[in-house]
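# Architecture at a glance
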Amino acid sequence: MIWRFSDGTVAHLGGEIEGASLFAQELRAALADPPVGVQIYGGPGGGAWLDVNDAALFDAWLSQEMSRPFRRELSLRMTERPDDVPELPADPRDFSGMPEGALV
Amino acid sequence: MALAWTTTADVDRYDEALEAHLKRVRMTAEEARALDDGMKGDAFWVSGGLQLEAVQRVFDKLTVALERGDSFEEFRKAVLGELRDPAYAELVFRNATQRAYNAGRYAQMTEPETLRFRPYWLYDAILDGRTTVICRECNGTLLPADDPWWNGRIPPLHHSCRSSLRNLRRSEGEKRGVTKEPPALLPPPGWGALPTKPFAWRPDPKKYEPGLVAELNKKAAANENQRASRPPAEHTAEHWEPTYRERYGDAAKSLAHGKAALERGLDMTVEDVHAQLNKLPYMLGTEALRGALKGADGKRTLRAQAGEVDPLRKAAAAVAGHLQTLPKRPKVTHRQLVKMGGGKRALDLMSAITGPKVKHAGEDWRFGRLRRGGYTHAPTKEVKYDSAEGTLEHELCHVIEELNPELFSRAIAFLHARARGEKLEYHGKMAGQDVYAWDDQFLHWYTGRKYGAYDEPFGTEITSTAMELLVAGRLENGKLSELVNKDPEHFLFLLGQLAGP
């Protein structure tokens, strides 16, 4: 599975990142310093550690990194995304007993 | 005449100009004449037969002028004993301040983050009857920052040069278009060299007499140890509050505390920084900060070792500076700890890292565990949290915002300052309450949330998310190193929140 970006970066499921752009370099640097976090639902316990072989998490991580505010000037776009990216896992937290007006 | 720049809200710009000035090695004019042109930029000397002691006195008075933003007239009066000719004194003043300013700008413009967003440089001269031929020719030259043309043409290019460089965003640079044929003129020898990195200055032993090399090495080494500590005023929040007031409004107090803590920490020896960080032994985030200090000389201050260059070292200094002057608060009782179930972590948070006026969850609050995640419900005084590092402290910061209206209003002010007057966007409901957010100005989108009715909010994630990273160092939601690197003001703000009203 392959993800392509407007700056020429190509990401492969499994964690291989091709490209000489700054974005590509920073993705490689992040993967070289595990564990890498993916913020999915926000708040304590709402994220996951990246598994580069998990297409849903890898896709979410690439999207997260592409859209970071400090990369906005790079005007990055995902130009190719695999069709068969699975859904992200449901929020692992159980808030069924959480009272109305609580803060997470 | 006022200095060529004034102290602005961009306080780091001023720091870097001063830093560039301080790294210049003081020497006699005779020694300076022996140097090649490339090295002269990092040397400071004064003509007129002044001995080294007098050169040093002039240098120190320039340092004071730069730190205080003194006018030339004030400087002239201060150096009457050393520089009797007012015209020459003005030349020394203008050259030194302009060189410091431009070197500071250069240091800023060559930071990787800045280069990424502003990759084009523009030569900007003041055009009037005093403009020299070279500055008039170079004016308007626009080239990529890494173009070799800049090597040898970093202003000042001559005595009393008023030119500077501007860095442009990629879009602006491309719109204006790069200069096809930049002028070939070069400045006189000794001018225009690329400023070197701090403390890189060393004479080449192959080029100079051994006696001179030994003397200059001694001076360069002494220079490294003589980074001036900041005046006591800069160690206080009162000094910095006006700097942040315009942009951050009511949040300025917390930011000013954080900035003052940073300045204090940079003036502490590395050993003292360690001693302060050791007050928080159970916080994994402080492990990351301690790790950043590896290799630093324990007997010297971080400032003397250019500690302000490394974001994690800066963060270590800021935390140490915060802890150093924090008045002691009463220890948490054993009963409270049992009720909280937070053990050492809660003790650290409540007893060591917050100021005495910060109100915390008392014994009337109920603490319980969750398998994953956490929440705070103020109406029933209930906190639930999982065993992950940082979750309890994240929730306790919600409690702090609940129980300390002043700190809550600062968090709201910080959030709205980041939105720059734009209305926050509606993000639906959570636990039956409206959620508004401005998620585009923070390390992670979750930080930009506020809860409750738009004009009557009751919670934010500003204090909680930064605290969580300080405690844990690394989470699924981010890394402390990212926070201090990409959003250092948010980190300084956290320290101010912990210091309290």
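Just so it is clear, the model here is predicted, and its values are computed rather than measured.

### Quick look at the overall build of chain B
For chain B, the helix and strand inventory stands at 22 helices and 14 strands. Within the span of chain B, comprising 501 residues, buried residues form 57% of the whole. Of all intrachain contacts in chain B linking residues separated by at least 6 positions in sequence, the fraction that spans at least 24 positions is 66%. With an accessible surface of roughly 21300 Å², chain B has 52% of that area assigned to carbon and sulfur atoms.

### What about unusual backbone geometry?
In the segment running from Pro34(A) into Pro35(A), the intervening peptide bond is cis, with an omega of 0°. Inspection of the secondary structure assignment puts Pro35(A) in the loop between helix H1 (22-31) and strand S4 (37-39). Backbone torsion omega between Pro155(B) and Pro156(B) reads 10°, so that peptide bond is classified as cis. Structurally, Pro156(B) is set in the loop between strand S4 (142-144) and strand S5 (164-168).

### Describing the interface of chain B and chain A
The interface of chain B with chain A comprises 41 residues on the first partner and 37 residues on the second. Of the roughly 3400 Å² buried between chain B and chain A, counting both surfaces, carbon and sulfur atoms make up 54%. Contact with chain A buries surface across chain B, with Arg116(B), Arg372(B) and Glu476(B) losing the most and accounting together for 19% of the total. Between Arg474(B) and Asp33(A) there is a salt bridge, with the nearest N and O atoms lying 3.2 Å from each other.

### Details of helix H14 (residues 284-292) of chain B
Residue and element names in this part refer to chain B. When H14 is considered as a whole, its buried residues turn out to be Gly285, Thr286, Leu289, Arg290 and Ala292. Taken down its axis, H14 places every buried residue within 155° of arc, on the same side. Among the structural elements, helix H13 (270-277), helix H15 (311-324), helix H20 (462-472) and helix H21 (480-486) are those in contact with the buried residues of H14.

### Side note on helix H19 (residues 405-418) of chain B
Because each turn of an α-helix spans 3.6 residues, side chains separated by three or four positions in sequence point in the same direction. Its 14 residues place the ends of H19(B) 20 Å apart at the C-alpha level, agreeing with the 20 Å of an ideal helix rising 1.5 Å per residue. One or two positions beyond H19(B), positive phi appears at Arg420(B), with a value near 50°.

### Remarks on the packing of aromatic side chains
Residue and element names in this part refer to chain B. Summed over all chains, the structure comprises 15 aromatic pairs over all chains. Aromatic side chains Phe414 and Phe493 sit 4.4 Å apart centroid to centroid with 25° between the ring planes, which places their arrangement in the stacked category. Placement of the pair is Phe414 in helix H19 and Phe493 in helix H22 (residues 488-499), with a sequence separation of 79 residues. Like Phe493, Phe414 is buried. An aromatic cluster is present here, built from Tyr106, Trp121, Trp149 and Trp150 joined pairwise through their rings. Here Lys423 stacks its cationic end above the ring of Tyr454, 4.5 Å away from the centre of that ring.

### Details of the sheet that holds strand S7 (residues 374-377) of chain B
Residue and element names in this part refer to chain B. Pairing is mixed across the open sheet formed by 3 strands, whose spatial order is S6-S8-S7. In this open sheet, the two edge strands, each paired with only one partner strand, are strand S6 (366-369) and S7. Each neighbouring strand pair of the sheet contributes to a mean axis angle of 10°, computed without reference to strand direction. In terms of strand pairing, S6 meets strand S8 (residues 382-385) through 4 bridges, oriented parallel.

### With respect to the nonpolar core
Residue and element names in this part refer to chain B. By size, the foremost hydrophobic cluster in this structure holds 71 residues, and its most contacted members are Leu289, Val319, Ile353, Met467, Leu470 and Phe491. Looking at this core element by element, the count peaks at 8 residues for H15. Setting aside chain neighbours within four positions, we find Val319 in contact with Leu277, Leu280, Leu289, Leu470, Phe491 and Leu495.

### What to know about the pattern of salt bridges
Counting across every chain of the model gives 29 salt bridges over all chains. Notably, a salt bridge pairs Arg81(A) with Asp59(A), separated by 2.8 Å at the nearest N-O pair. Note that Arg81(A) is positioned in the segment after strand S6 (78-80) and Asp59(A) in helix H2 (residues 55-66), a separation of 22 residues in sequence. A relative accessible area of 44% means that Arg81(A) is categorised as partly exposed. A salt bridge links Arg410(B) to Glu406(B); the shortest N-O distance between them is 2.9 Å. One end of the pair, Arg410(B), and the other, Glu406(B), are both in helix H19, 4 residues apart, so they sit about a helical turn from each other.

### Quick look at the environment of Gly46(A)
Inspection of the secondary structure puts Gly46(A) in the loop between S4 and strand S5 (47-49). A relative accessible area of 1% means that Gly46(A) is categorised as buried.

### Things to note about the confidence of the model for chain B
Averaged over chain B, the pLDDT score is 83; the fraction of residues at 70 or greater is 86%. For residues 1-13 of chain B, every residue scores under 50 in pLDDT, and the model assigns this stretch 30 contacts once sequence neighbours within four places are set aside.

### Notes on the packing of H14(B) against H20(B)
All names here are of chain B. Close contact between H14 and H20 brings their axes to 3 Å; oriented N to C, the two are set at 65°. Classified by the interaxial angle, the pair formed by H14 and H20 is roughly perpendicular. The residues of H20 that touch H14, namely those facing Leu284, Gly285, Thr286 and Leu289, are Leu469, Leu470, Val471 and Ala472. When its residues are assigned to classes, the contact of H14 with H20 shows 6 nonpolar, 2 polar and no charged.

Calculation notes
- Residues numbered from 1 in each chain as written.
- Chains lettered and ligands numbered in written order.
- Predicted model: local features only at pLDDT ≥ 70, side-chain atom pairs only at ≥ 80, totals over all residues.
- Heavy atoms only, no water.
- Helix = DSSP H or I, 4+ residues; strand = E, 2+ residues; numbered from the N terminus.
- Buried < 20%, exposed > 50% of the residue type's maximum accessible area, 1.4 Å probe, protein only.
- Contact = heavy atoms within 4.5 Å.
- Areas by Shrake-Rupley, 256 points an atom, 1.4 Å probe, with all protein chains shown as cover.
- Buried area = accessible area lost by both parts, 1.4 Å probe.
- Salt bridge = Lys/Arg side-chain N within 4 Å of Asp/Glu carboxyl O.
- Arc of directions from axis to C-beta.
- Expected span 1.5 Å × (residues − 1).
- Phe/Tyr/Trp six-rings, centres within 6.5 Å; stacked < 30°, edge-to-face > 60°.
- Lys NZ or Arg CZ within 6 Å of the ring centre and 35° of its normal.
- Pairing = 2+ DSSP bridges.
- Axes fitted to C-alpha atoms, helices over the stretch in contact; angles between N-to-C directions.
- Core = buried A, V, L, I, M, F, W, Y, C linked by side-chain atoms within 4.5 Å.
- pLDDT = per-residue confidence, 0-100.
- Parallel < 35°, antiparallel > 145°, perpendicular 65-115°, else oblique.
- Nonpolar A, V, L, I, M, F, W, Y, C, P; charged D, E, K, R; others polar.

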